[in-house]
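Below are the chains, spelled out letter by letter.
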Amino acid sequence: MAAEGTMSVSDTHRGNGVAAPSSGLRRVLSRKDLVIYGLTIITPTAVYPVLGIVQQTSNGHASLTYLTALIGMIFTAFSYGSMAAAFPSAGSTYTYARRALHDYVGFLAGWSMILDYVLIPLLSGVYVALTAARLVPAIPYAVWAFLFAAGITLVNVRGIKVTTRASRWMIVAMTASAVLFVALATRWVISTLGWDGLLQPTLLLNPETLELPKLMTATAIASLSYLGFDAISTLAEDTRDAERDIGTATVLVCLLQAGICVLITYLAAAVWPPSNPFPDVETAILDLSQQIGGAGFFAFTSGILLVAAIASSVTAQAGASRLLYGMGRDRILPASIFGYLDPVHASPTRSIYAMGIICFVGALLVSFQLVVELVNFGAFTGFILVNLSVIRHYFLRGNRRNGLAVVRYLIFPLTGALVCAYVWFNLGSNAKLLGFGWLLVGLVYLAGPPAGFRKPMGTLEIS
């Protein structure tokens, strides 16, 4: 679900709806390059914001939830690789669904993608406000939410961008934070509990506290730490051997990310036993940092979280506001508000203000966990459709049914779709209510005037 650049809405329903041929990009990326890119998009600290929530929701089985989530991610990763080989110039969930399944299915995939693009700035904003309120409790959370929503909105109105160099330094800092966490947590466990403290099977699986429904709900939340692996498929045209390397690199990224998340959550459980609740599950990583590294590591982790979340908020709000602008320009949304382009700053200022209002009001009305689950609702909608797209494109339409093709184009994607659907339906009831409500709005749009389900479809383009 991670994407660099901006999104716009345009009508590509011309002829058979197939995108224009490739412009001939140089195929220079190796499998190693793709793996590095994927890990950079996901980030090694992706587990930090949800660690406490996952640990609490799963009854102390955070590590197991990441292994469970990995099952669906692995099969889905293979499916992204297969679809990237079939449509190397597309590189997106909604296009795969549109080409392999149906125009309207593709539209709903894009519609769920819109939900994520609008919610990701809110997700970052809520976490920034939560962290700041934890650091300076004298200032109420609502004030922090307003300050950050207003500040990020002002930055985007003025057209200030997070530079590539700054992004790279943030990745280096986040990687250093993850490495330091593992080192300090390991030292703390050995010095406090001895070497035996590192080998506690019940931290991975405790039959006395394991409850499958809670584990699956936690798995749905933990999946946030994997989101972004699908961005590798957007580099198909730049890859030397896309058919071989895209799928393999995507699987490797999922495996490496799972290893990072399992290691961090396992050590976190050793440091802070599940029987001892966190004071605040949404900022549990700060309590852990204080425990293993004192005030110095607490300050370092706090700084990393704040700077990374602010940078993410700026980029995500810019992308979401441009998506709203594109929808306004094409009159899917009111053009007078969302289709307006400021002549001075050459930016969609009214869409940016709208996103600022959404971020502030949303931060007051919904919890961090609910926003996480809603983001994952949109992501899993896409994952299910990509898996089904592989079956339709290769197994049914392409008659790839001999030998290992049955495994690759039927069993693997079907397993991925079923696992993702099971996790999808184990999201919280409020997340499902709002998520399915959003999809219903998309269906109403499709069925509405002027031509009902016969209207030509616009498509979302990432540029």
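Residues numbered from 1 in each chain as written. Predicted model: local features only at pLDDT ≥ 70, side-chain atom pairs only at ≥ 80, totals over all residues. Heavy atoms only, no water.

Draft legend 1. Spotlight on the overall build of the chain. If you tally the helices and strands in the chain, you get 15 helices and two strands. Split by element, the accessible area of the chain, about 19800 Å² in all, is 66% carbon and sulfur. (Helix = DSSP H or I, 4+ residues; strand = E, 2+ residues; numbered from the N terminus. Areas by Shrake-Rupley, 256 points an atom, 1.4 Å probe, with all protein chains shown as cover.)

Draft legend 2. Representation of the pattern of salt bridges. In total, this model carries four salt bridges according to the counting rule given. Its salt-bridge partner being Asp 103, residue Arg 98 comes within 3.0 Å of it at the nearest N-O pair. Since its relative accessible area comes to 10%, Arg 98 is described here as buried. Asp 287 serves as the salt-bridge partner of Arg 134, at 2.4 Å between the closest nitrogen and oxygen. In this pair, Arg 134 is assigned in helix H5 (residues 103-135) and Asp 287 in helix H10 (residues 284-329), connecting sequence segments 153 residues apart. Residue classification places Arg 134 among the partly exposed positions, given a relative accessible area of 27%. Using a relative accessible area of 11% as the deciding quantity, one classes Asp 287 as buried. (Salt bridge = Lys/Arg side-chain N within 4 Å of Asp/Glu carboxyl O. Buried < 20%, exposed > 50% of the residue type's maximum accessible area, 1.4 Å probe, protein only.)

Draft legend 3. Structural view of the packing of aromatic side chains. Per the counting criterion, the structure on display carries 22 aromatic pairs. Ring geometry for Phe 78 against Phe 412: centres 5.3 Å apart, planes inclined by 40°, an arrangement best described as tilted. With Phe 78 in helix H3 (residues 62-86) and Phe 412 in helix H14 (residues 404-425), this residue pair connects regions lying 334 residues apart in the sequence. Centroid distance Phe 380 to Phe 383: 5.5 Å. Interplanar angle 75°. Geometry classified as edge-to-face. (Phe/Tyr/Trp six-rings, centres within 6.5 Å; stacked < 30°, edge-to-face > 60°.)

Draft legend 4. Representation of the confidence of the model for the chain in the model. Mean pLDDT over the chain: 83, with 87% of residues reaching 70 or higher. Within the chain, helix H2 (residues 51-57) carries the highest mean pLDDT (93), whereas strand E1 (residues 7-10) carries the lowest (40). (pLDDT = per-residue confidence, 0-100.)

Draft legend 5. Just H14, in detail. Between its first and last C-alpha, H14 extends 30 Å over 22 residues, near the 32 Å set by a 1.5 Å rise per residue. At Ile 411, H14 shows its strongest bend, of approximately 25°, with the proline Pro 413 following within four residues. For H14, the complete set of buried residues consists of Ala 405, Tyr 409, Pro 413, Gly 416, Ala 417, Cys 420, Ala 421, Val 423 and Trp 424. Looking at the buried side of H14, the elements it contacts are H3, helix H8 (212-222), helix H13 (368-397) and helix H15 (429-447). (Expected span 1.5 Å × (residues − 1). Bend = angle between axes of the 7 residues up to and from the residue. Contact = heavy atoms within 4.5 Å.)

Draft legend 6. How the structure looks around the environment of Ser 321. As for its placement among the helices and strands, Ser 321 is situated in helix H10. The spatial distance from the C-alpha of Ser 321 to the C-alpha of Ser 351 is 5.0 Å, given a sequence separation of 30 residues. The contact partners of Ser 321, leaving out residues within four places of it in the chain, are Pro 348, Ser 351, Ile 352 and Met 355.

Draft legend 7. Expanded view of the side chain of Thr 265. Assignment of secondary structure puts Thr 265 in helix H9 (residues 242-271). Thr 265 sits in the buried class, given a relative accessible area of 3%. At 3.1 Å, the side chain of Thr 265 and the backbone oxygen of Val 262 are in polar contact. When sequence neighbours within four positions are dropped, the list of residues in contact with Thr 265 reads Val 47, Leu 51, Ala 62, Ser 63 and Tyr 66. (Polar contact = N/O pair within 3.5 Å; in protein donor to acceptor, adjacent residues only side chain to side chain.)

Draft legend 8. Unusual backbone geometry, seen in detail. The backbone of Asn 59 sits at a positive phi, close to 60°, despite the residue not being glycine. Within the element layout of this structure, Asn 59 appears in the loop between H2 and H3. Phi is positive for Asn 399, close to 55°, though the residue is something other than glycine. Relative to the elements of secondary structure, Asn 399 occurs in the loop between H13 and H14.

Draft legend 9. Quick look at H5. Between the first and last C-alpha of H5 there are 48 Å, a value that for 33 residues agrees with the 48 Å anticipated at 1.5 Å per step. Most pronounced at Leu 119, the bend in H5 amounts to some 30°, and the proline Pro 121 follows within four residues. Burial runs high along H5: 27 of the 33 residues are buried.

Draft legend 10. The nonpolar core, seen in detail. Tyr 66, Phe 181, Phe 229, Phe 368 and Phe 383 are the most contacted members of the largest nonpolar core, which has 132 residues in total. Examining the composition of this core, we find that 19 residues originate from one element, H5, more than from any other. Filtering out sequence-adjacent residues up to four positions away, Tyr 66 remains in contact with Val 47, Val 50, Val 54, Ala 222, Ser 225, Tyr 226, Cys 261, Val 262 and Thr 265. Counting five residues, the second largest nonpolar core, distinct from the first, contains Ile 171, Met 174, Ile 304 and Ala 308. (Core = buried A, V, L, I, M, F, W, Y, C linked by side-chain atoms within 4.5 Å.)

Draft legend 11. Representation of a nonpolar patch on the surface. There is a patch of nonpolar side chains on the surface, built from Leu 135, Val 136, Ile 139, Val 143, Phe 146 and Leu 147 and spanning about 450 Å² of accessible area. In terms of residue count, the dominant contributor to the nonpolar patch is helix H6 (residues 141-157) (three residues). Note on placement: Val 136 falls in the loop between H5 and H6. A residue is classified by how much of its surface remains accessible, and Val 136, at 34% relative accessible area, is partly exposed. (Patch = residues over 30% accessible without salt bridge, like charges linked within 9 Å, V, L, I, M, F, W, Y side chains within 5 Å.)

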